[in-house]
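Commentary on secondary and tertiary structure
Next come the chains, spelled out residue by residue.
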Amino acid sequence: MSAPGTSESWRLLDQLADSHRHDRIADYFSADSKRFEAMSLKVGGLFLDYSKNRVAPPVMQALIDLARDSDLEHRREQMFSGAAINITEDRPVLHTALRNRSQRPVEVEGQNVMPAVRASLDKIKTFTHQVRDGQWRGHTGKRIRHIVNIGIGGSDLGPNMVCRALLDYQRADLDVHFVSNVDGRHLKKVLRGLDPEATLFVVSTKTFSTQETLLNAQSAKRWLCKNSQCSDQEVGQHFVAVSTNKEAALEFGIREENTFEFWDWVGGRYSLWSSIGLPIALAVGFDAFSELLEGAYDMDRHFVEAPFEANMPVILALMGIWNSNFLGAETQAIIPYDQALHQLPAFLQQLDMESNGKSVDLNGNTVEHATGPIVWGQTGSNGQHAFFQLLHQGTRFVPVDFIASLKADEEVAEHHFALLTNMLAQASALMNGDTQENHLSYAGCPGNRPSNVLLLDELSPRNVGALIALYEHKVFVQGVIWNINSFDQWGVQLGKRLANDISRNIQSNTDNYDASTRGLMGIVNRGLRPETGDSGDLKVGSGT
Ligand code: F6P
């Protein structure tokens, strides 16, 4: 297998990008009346239309060949069978085992992990029923009415996004909140108005060593004791923990029976299927949580069984590679035309950028091609009145994924009609533009801007599960073709180390830091400790 950038198919794609550089997507439709049918796919409750990409038939073939020439089939088999493909951490990557609905064993170091996976699901089920049925009570005997998940990154974004997406599946008498930022006001805002005696905290952290989560959990404990005369013993009735680090959870004061485990072969950003999904089960019930897993399992089956040319994750990945590596797009916009999916761009930012934001390949060499794009986005139709101006008339080439669900909430059906028609219009306008009929240069939209449209039959747990698994596998396919490790995140460590350093040294006059950092440390230190005599106010003009 030749490295990306050097393979025959890669070189051919470079030539095709050059020879097709003046193509207009709209002309492909005039040339082929069956283009929409040929370049769309239906998998379960998901429909993908990728026909509005700047992809001519020879390019499509060359992209499929690129996937074939890559190590994709082998790496996919390795991932599903538990090989340690996360080579820098020497770990398997088995988030798919968490939603394996077959009797197929999945081995890690010769041990079938499925019994443990099923046991953890049983524990989630039992606990979810206890809380939702009112058997689990606070230390004063009150039913739990408020769930507060304390976690960050993969221990927040996934469950948070899914809980927002499945709002219609939640009960009015049990609300779920998410606290992640180390900024204490996030916790304060969430706790405002909550009854401590009816509040259950879920401390979600794979490592149980993340500063933000530990600080927020400590403060939450203090809030509970201060506002409900709760003794240390009784605190255990209001705190459970989800972690791979049980010892640290016990040390924090979590009761053994209140610890929910998962395993190091689950990446944080791939962990919502594990006990990290406990807030989801508590919010929507265990049956709906199971449906979420079922939907992801369906997408896993499709990903493993479908030929590349009809494989939704592979196609989505190849559209992204064509747009970024051959047409020069730096970013990927994610625009959910569904308010319930407003957290999806943030979730996909971590999934995609923490996975493929890498510049060293599997052999430790610096890559010579672009890797993960900058993923960004916001809900439609809001985005239309914010940044779509740039998407239509800017100088940057921004591929867009439009995502919507077809089934309307009958109470607001008219709104839903407007939502979907706006989305269709935006995708069409990006492709067709209007320079022909618009002679006012400043008012014309050049068009020829690509987009994918993903339609869900309805925003059900099953379809949401399939949607997330689709993007997980898209990211995996791109990582394989770029020959990088999508499952580590060493780049996040430096900032954490420096933060510890700076908090230790902020009062000392050490010159371990550059002048700017030292200067700012001084200002922050004086700002935090006015007793040091200087008001800490910024001295205007002194810096320049
Ligand atoms: O700093 C990044 C990261 O390690 C993510 O990969 C992870 O999802 C997040 O921090 C939270 O980590 P933990 O679940 O261990 O608290």
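A brief report on the enclosed structure follows. Because the structure is a prediction, the values reported are computed rather than measured. (Residues numbered from 1 in each chain as written. Predicted model: local features only at pLDDT ≥ 70, side-chain atom pairs only at ≥ 80, totals over all residues. Heavy atoms only, no water.)

Secondary structure summary: the protein chain contains 20 helices and 13 strands in total. Since a compact globule built from 544 residues should have a radius of gyration of about 24 Å, the 25 Å found for the protein chain is in line with a globular shape. Seen through its principal axes, the protein chain has C-alpha atoms that stretch 75 × 65 × 55 Å. Looking at the protein chain as a whole, 53% of its 544 residues are labelled buried. (Helix = DSSP H or I, 4+ residues; strand = E, 2+ residues; numbered from the N terminus. Rg over C-alpha atoms; globule rule 2.2 N^0.38 Å. Buried < 20%, exposed > 50% of the residue type's maximum accessible area, 1.4 Å probe, protein only.)

Moving on to the pattern of salt bridges. Within the structure shown, the criterion is met by 24 salt bridges. For the salt bridge of Asp49 with Lys52, the shortest nitrogen-to-oxygen distance reads 3.8 Å. The same class applies to Asp49 and to Lys52, which are both buried. A salt bridge links Asp300 to Arg99; the shortest N-O distance between them is 2.8 Å. Here Asp300 is found in helix α13 (residues 286–305), whereas its partner Arg99 is found in the loop between α5 (72–80) and β3 (107–108), with 201 residues between them in sequence. Taken together, the shared-partner salt bridges connect Arg101, Glu294, Asp298 and Arg462 into one network. (Salt bridge = Lys/Arg side-chain N within 4 Å of Asp/Glu carboxyl O.)

Every one of the 13 residues lining the ligand counts as a neighbour, but Ser155, Thr205, Thr207, Thr210 and Glu354 are closest to it. Here an oxygen atom of the ligand sits 2.6 Å away from a polar atom, N or O, in the side chain of Thr207. Between the ligand and the protein, one listed contact pairs an oxygen atom with a side-chain N or O atom of Glu354 at 2.7 Å. Contact with the protein chains removes 87% of the 390 Å² of surface that the ligand exposes when unbound. (Near = heavy atom within 4 Å. Polar contact = N/O pair within 3.5 Å; in protein donor to acceptor, adjacent residues only side chain to side chain. Areas by Shrake-Rupley, 256 points an atom, 1.4 Å probe, with all protein chains shown as cover.)

This part takes up the sheet that holds strand β2 (residues 46–49). In space, the six strands of this open sheet follow the order β1-β2-β13-β12-β10-β11, with mixed pairing throughout. Of all strands in the sheet, those bounded by a partner on one side alone are β1 (40–43) and β11 (374–377). Sheet twist, expressed as the mean angle between neighbouring strand axes with direction ignored, is 15 degrees. Looking at chain direction, strand β10 (residues 331–336) and strand β12 (residues 400–405) are connected through four bridges and run parallel. Looking at β12, one finds that Ala333 is bridged to Val400. Strands β2, β10, β12 and β13 (451–456) of the sheet are contacted by helix α18 (residues 461–481), whose axis makes an angle of about 150 degrees with β13. (Pairing = 2+ DSSP bridges. Axes fitted to C-alpha atoms, helices over the stretch in contact; angles between N-to-C directions. Contact = heavy atoms within 4.5 Å.)

It is worth spelling out the environment of Val284 at this point. With respect to the helices and strands, Val284 occurs in helix α12 (residues 278–284). For Val284, a relative accessible area of 8% corresponds to the buried category.

Take the pairing of strand β6 (residues 175–179) next. Each regular strand carries side chains that alternate between the two faces of the sheet. Note: strand β5 (residues 146–150) against β6, five bridges, orientation parallel. Its bridge partner being in β6, Val148 is matched across the sheet by His177. Note on the crossover from β5 through helix α7 (residues 157–165) to β6: the handedness is right-handed. (Right-handed = clockwise from strand over helix to strand, strands pointing away.)

This part takes up the sheet that holds β6. In space, the five strands of this open sheet follow the order β6-β5-β7-β8-β9, with parallel pairing throughout. A strand with exactly one partner marks an edge of an open sheet, and here the two such strands are β6 and β9 (259–261). Across this sheet, the average inter-strand angle for adjacent strands is 20 degrees, counted without regard to direction. Note that β5 and strand β7 (residues 199–204) share five bridges and pair parallel. Counterpart to Asn149 in the pairing with β7 is Val202. Strands in contact with helix α6 (residues 114–132) are β5, β7, β8 (239–243) and β9; relative to β9, the strand with the most contacts, it is inclined by about 145 degrees. On the sheet, helix α9 (residues 211–228) packs against β5, β6, β7 and β8 and is oriented at approximately 160 degrees with respect to β7.

This brings us to the side chain of Asn325. Tracing the chain through its elements places Asn325 in helix α14 (residues 312–326). In this structure Asn325 comes out as buried when scored by relative accessible area, which is 16%. In terms of polar contacts, Asn325 uses its side chain to reach the side chain of Ser324, at 3.2 Å. If near-sequence neighbours (up to four positions away) are discounted, Asn325 is found in contact with Trp10, His369, Ala370 and Trp482.

Given 3.6 residues per turn, any residue in an α-helix points the same way as the ones three and four places further on. Relative to the 20 Å expected for 14 residues at 1.5 Å per residue, helix α20 (residues 515–528) spans 20 Å between its end C-alpha atoms, a close match to the ideal helical length. Listed in full, the buried residues belonging to α20 are Met521, Gly522 and Asn525. Here the buried residues of α20 occupy an arc of 100 degrees about the axis, which is enough to place them on one side. Residues of α20 that are buried make contact with α19 (493–505). (Expected span 1.5 Å × (residues − 1). Arc of directions from axis to C-beta.)

With that out of the way, let us pick up the pairing of β11. Both β10 and β11 contribute to a ladder of four bridges, which runs parallel. For Gln332, the partnering residue across the bridge sits in β11 and is Val375. A crossover connection joins β10 to the parallel β11 through helix α15 (residues 344–356); in handedness this β-α-β unit is right-handed.

Turning next to the environment of Asn483. Within the secondary structure layout, Asn483 lies in the loop between α18 and α19. Judged by relative accessible area, which is 8%, Asn483 ranks as buried. Taking the C-alpha atoms as reference points, Asn483 and Val360, 123 residues apart in sequence, are found 8.8 Å from one another.

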